[in-house]
Amino acid sequence: MTKTNAGRFFEDYTVGDVITHAVPRTLSGGERAMYHALYPARTALYSSDEFARTCGLPASPIDDLATFHTVFGKTVPDVSLNAVANLGYAEGRWLRPVYPGDTLTSQSEVIGVKQNSNGKSGVVWVRTTGHNQRGEAVLRYVRWVMVRKRGTGDAPDPVIPELAKSVAASDLVVPEGLKFADYDFTLAGEPHRFGDYQVGEVIDHVDGVTVEEAEHMLATRLWQNTAKVHFDATNRPDGKRLIYGGHVISLARALSFNGLANAQMIVALNGGAHANPCFAGDTVRAWSEVLDVAETSAHGVGAIRLRLVATKGSAGALRGEDGKYLPDVLLDLDYWALMPV
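Residues numbered from 1 in each chain as written. Predicted model: local features only at pLDDT ≥ 70, side-chain atom pairs only at ≥ 80, totals over all residues. Heavy atoms only, no water.

*Asks:* Please explain the overall build of the chain as it appears in this structure.
*Replies:* Secondary structure summary: the chain contains eight helices and 10 strands in total. Relative to a compact globule of 341 residues, whose C-alpha radius of gyration would be 20 Å, the chain shows 20 Å and is just as compact. C-alpha atoms of the chain, sized along the principal axes, occupy 60 × 50 × 40 Å. A buried classification covers 52% of the 341 residues belonging to the chain. When contacts within the chain are restricted to residue pairs at least 6 apart in sequence, those whose partners lie at least 24 apart make up 78%. For the chain, the computed accessible surface area is about 14300 Å², with 50% contributed by carbon and sulfur atoms. Side chains of the chain give 33 positive and 39 negative charges; the mean places of these two sets differ by 6 Å. (Helix = DSSP H or I, 4+ residues; strand = E, 2+ residues; numbered from the N terminus. Rg over C-alpha atoms; globule rule 2.2 N^0.38 Å. Buried < 20%, exposed > 50% of the residue type's maximum accessible area, 1.4 Å probe, protein only. Contact = heavy atoms within 4.5 Å. Areas by Shrake-Rupley, 256 points an atom, 1.4 Å probe, with all protein chains shown as cover. Lys, Arg positive; Asp, Glu negative; His and termini not counted. Charge placed at Lys NZ, Arg CZ, Asp CG, Glu CD.)

*Asks:* For this particular structure, what's the right way to read the sheet that holds strand 1 (residues 18-26)?
*Replies:* Backbone-to-backbone hydrogen bonds pair the strands of a sheet. The strands run either parallel or antiparallel. Read from one edge of the open sheet, 10 strands run 1-3-4-5-2-7-10-9-8-6, paired in antiparallel fashion. Strand pairing shows two members of the sheet lacking a second neighbour, strand 1 and strand 6 (202-210), which therefore form its edges. Ignoring which end each strand starts from, the neighbouring axes of this sheet average 25° apart. Pairing of strand 1 with strand 3 (residues 103-115) involves six bridges; the strand directions are antiparallel. Opposite threonine 26, over in strand 3, you have threonine 103 as the bridge partner. Along the sheet face, helix 3 (residues 64-79) touches strand 1, strand 2 (83-94), strand 3, strand 4 (121-131), strand 5 (137-148) and strand 7 (265-273) and points at about 45° away from the line of strand 5. (Pairing = 2+ DSSP bridges. Axes fitted to C-alpha atoms, helices over the stretch in contact; angles between N-to-C directions.)

*Asks:* Help me understand helix 5 (residues 213-222), please; the structure alone is not making it clear to me.
*Replies:* Since one α-helical turn is 3.6 residues long, residues separated by three or four positions face the same way. Buried within helix 5 we find Glu215, His216, Met217, Ala219, Thr220 and Leu222. On the buried face of helix 5, the contacting elements are strand 1, helix 1 (29-38), strand 6, helix 6 (228-231) and helix 7 (245-255). Downstream of helix 5 by one or two residues, glutamine 224 has phi in the positive range, about 55°.

*Asks:* I tried to follow the packing of aromatic side chains on my own but got confused; where do I start?
*Replies:* The description of an aromatic ring pair uses the distance of the two centres, along with the angle that the planes make with each other. Scanning the entire structure with this criterion turns up 10 aromatic pairs. Their ring planes at 40° and their centres at 5.7 Å tell us that phenylalanine 68 and phenylalanine 72 sit as a pair that is tilted. In this pair, phenylalanine 68 and phenylalanine 72 are both assigned in helix 3, four residues apart and thus about one turn of the helix distant. The interplanar angle of 45° and the centroid separation of 5.5 Å between the aromatic rings of phenylalanine 72 and tyrosine 244 together place this pair among those described as tilted. One end of the pair, phenylalanine 72, is in helix 3; the other, tyrosine 244, is in the loop between helix 6 and helix 7, and 172 residues separate them in sequence. For the pair shown, phenylalanine 72 and tyrosine 244 are each scored as buried. The ring centre of phenylalanine 279 lies 4.7 Å from the NZ or CZ of lysine 240, which sits over that ring. Over the ring of tyrosine 325 we find arginine 319, and its NZ or CZ is 4.0 Å from the ring centre. (Phe/Tyr/Trp six-rings, centres within 6.5 Å; stacked < 30°, edge-to-face > 60°. Lys NZ or Arg CZ within 6 Å of the ring centre and 35° of its normal.)

*Asks:* Even after reading the chapter, I still don't get the pairing of strand 10 (residues 329-340), so can you show me in this structure?
*Replies:* It is a general feature of regular strands that their side chains alternate between the two faces of the sheet. Of all 12 residues in strand 10, 12 are buried; the element is thus mostly enclosed. The sheet contact formed by strand 7 and strand 10 spans seven bridges and is antiparallel. By the bridge assignment, glycine 272 is partnered in strand 10 with leucine 333. Judged from the 11 bridges that link them, strand 9 (residues 301-311) and strand 10 form a sheet pairing that is antiparallel. Bridge pairing in strand 10 links arginine 305 to tryptophan 336.

*Asks:* Is there a simple way to think about the packing of helix 3 against helix 7 in this case?
*Replies:* To characterise two packed helices, one gives the angle between the axes of the helices and the distance between these axes. One can describe the packing of helix 3 onto helix 7 by two numbers: an axis separation of 11 Å at closest approach and a directional angle of 180°. Overall, the two elements helix 3 and helix 7 adopt an arrangement that is roughly antiparallel. Judged by residue contacts, Asp64, Leu65 and His69 of helix 3 engage Gly246, His247, Ile249, Ser250 and Arg253 from helix 7. (Parallel < 35°, antiparallel > 145°, perpendicular 65-115°, else oblique.)

As structure tokens, this is what we get:
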């Protein structure tokens, strides 16, 4: 019997299976520093303990997407080690902040399977939950991934889960104690508040980042993401290493600071698609569209729903006349963030 892990193939997934993922990860200020070194992240709430305390939190939390990457990375050996591509996300909610010293674990339930028409791969849907050391859920989301088949035999009957098109504003979780009554816009970096944004508004974030192999490889190792397509250049016919989709998400989110500096905390992930592959040498730019706004029960805290697009092209360009994503579009992400009113 082999002692090495070859990873699961499409035939190995059954709807209803619950997978507990190795290995627990205790986060520290080191992860925050590395995250800010990898991405041009400057959001004040995640940069300063003192700023966070003026907003009612005990200290600066770990960046929301660093939490996502950590929870996601745990799932890779069991869900996407043999992936062709990660396809999308839905029903994501950040349920409580993660602070330095917290230990995260991940667990996933298989909620859907469907073989592709080529008979060589299939799509697997999983609902993943991240917990802290007290057993409290900190993050929950659905993702679907295209996975290679081991052989050409029979496939399981397809089960395609029904997923909500978005997280309702009433279901957003505002961290306990968070308030923006004493919010310092000068220290945050921009004067624009909740009421300054209009539904339908498109914001060009102007700046760009050229992706390098070194930083992408460092990121995947940091999050303990072992997917072969990110490490092994022989795993793809074109001989290229695919940039981890989460790396593109964090780049785009960090670039969105220019125009959305006060969109402080991501609290929900409504949907997302990695529209086209990203490779080393690509220059990533970002633009956002305001999709919705909503009030919350917390003092001075509003929720803004945003479409975040990472692209190699121009702001505002998303789909062609055929309805398909333009080839320059890398990411189409729909999320809710908290912003001072």
